[in-house]
Amino acid sequence: MGEGLALGIDIGATNFRLGLVSSDGVVLERRMEGVGRDRSARGIVSQVERCAAAVGYNGVVGVGIGVPGIVDPSCGVVYRSPHYPKWLNEPVKEMFEDTLGLPVVLDNDANMAASGEGWRGAASGMDNFIMITLGTGVGGGIVCGGRLFRGEKGFTGEIGHMVVDFDGPSCACGGRGCLETYTSASGIPNILGRLGEGDRRRIIDAAGGDVSSVTPRLLYELAKGGDPSSSLAWRWFGRYLGVGIASLVNVTGIFNIVIGGGISRAWDCFISHLEDEMKKRLYKESASFVRIVQASLLDDAGILGGANEVFKS
Ligand SMILES: [Zn+2]
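If you're wondering where the values come from, they're calculated on a predicted model, not measured in any experiment. Each chain carries its own residue numbering, running from 1 in the written order of its sequence. In keeping with the predicted nature of the model, local features appear solely for residues at pLDDT of at least 70, side-chain atom pairs appear and are counted solely at 80 or more, and the whole-chain, interface and lining totals rest on all residues. Derived side-chain values reflect all non-hydrogen atoms in the structure, with water molecules and hydrogen atoms excluded from consideration.

Engineer: Would you mind going over the domain arrangement of the chain with me for this structure?
Structural biologist: Interfaces are often sized by the accessible area lost when the parts come together. Domain start and end points were adopted from an automatic or database domain assignment. For the chain, the domain assignment lists domain 1 (5-119 + 299-312) and domain 2 (125-295). Once you take the C-alpha centre of each, domain 1 and domain 2 turn out to be 26 Å apart. At the interface, 17 residues of domain 1 touch 19 residues of domain 2. Carbon and sulfur atoms make up 53% of the area that domain 1 and domain 2 hide from each other, which totals about 1,400 Å². Once two parts are joined, some of their accessible surface, as seen by a 1.4 Å probe, is lost; buried area is that loss totalled over both. Together, Asn111, Glu117 and Lys312 form the three largest contributors to the area buried by domain 1 at its contact with domain 2, with a combined 31%. We count a salt bridge whenever a side-chain nitrogen from Lys or Arg sits within 4 Å of a carboxyl oxygen from Asp or Glu. Linking domain 1 to domain 2 there are 3 salt bridges. Arg150 is the salt-bridge partner of Asp107, the closest N and O atoms lying 2.7 Å from each other. Polar contacts here mean pairs of N or O atoms no more than 3.5 Å apart (in protein, one a potential hydrogen donor and the other a potential acceptor; neighbouring residues in sequence count only if both atoms are side-chain atoms). Summed over the shared surface of domain 1 and domain 2, the number is 2 residue pairs in polar contact (both at pLDDT 80 or more). Runs of E in the DSSP output that reach at least two residues are strands. Runs of H or I that reach at least four are helices, and both are numbered from the N terminus. Elements represented by at least two residues in the side of domain 1 that touches domain 2 include exactly strand E5 (70-72), strand E8 (104-108), helix H3 (109-120) and helix H10 (301-312). At 7 residues, H3 tops the list of elements feeding residues into the side of domain 1 that touches domain 2. Note that Gly is not counted as nonpolar here; it falls among the polar residues with everything else outside the nonpolar set of Ala, Val, Leu, Ile, Met, Phe, Trp, Tyr, Cys and Pro and the charged set of Asp, Glu, Lys and Arg. Looking at the side of domain 1 that touches domain 2, its residues break down into 7 nonpolar, 5 polar and 5 charged. Two residues form a contact once any of their heavy atoms are found within 4.5 Å.

Laid out in structure tokens, this is it:
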């Protein structure tokens, strides 16, 4: 299925993106829509179908869809999705195939983003790499020998739930001290919790007195403006990420790390702390091979990954 066009669809927590992609990786047309009030799987399938019909199916050979949650790509079932509580054991691939009348490849959204970066982004040409997406949560995808590593059931690359602090803050997964509880937008309060009272207060005051208003963007702007308290927060952020990446490298022997997602825009605030912490925890030989790069596709990663998986299927 290497020719023609593919639809790549990236379903997020609040919106979805759809792109018409050529077999050489050019996004010919793209759409974005907010997810409607009916957040059932059936409701979203209908909404996506209307959007796809508006773009047109001419020459489309298949559809690649990334969804947030626990997905088995081999049977196309979404077992559970943190953002869509109504989705329980939903046969999402079958629902899309019935509605769109085209073959569908379904996977976790972070896996699709990794596939996109490997095809046309920062990991282009890399046979082995690990992609980490830093957003509301922390996602990941592992590419090994040029293909997504899917393990036994496809629940792979859950890098956000790797434990970096075993007595740490509780996580949405039911565990404690997962990487996501620190290095994501939802983990910001826990990062602030690592600061001294004065530094913490300063940052919260800058956000109007409410800890939930401290966003990664605000922390970035404060740090760029020379605020030492925010720089300390980024230091903790980078250290946790460094601990996590050192474990990934130690376990997999994969040396190319690609970091994407909205928070990766604060790259220069955390990268040196990340590298320092990571190197402390790796064999010298491994540390000399590790290459950490910023993802380059941003919002197109999921669309291109979906299309790539169609052309590869
Ligand atoms: Zn977790």
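On we go.
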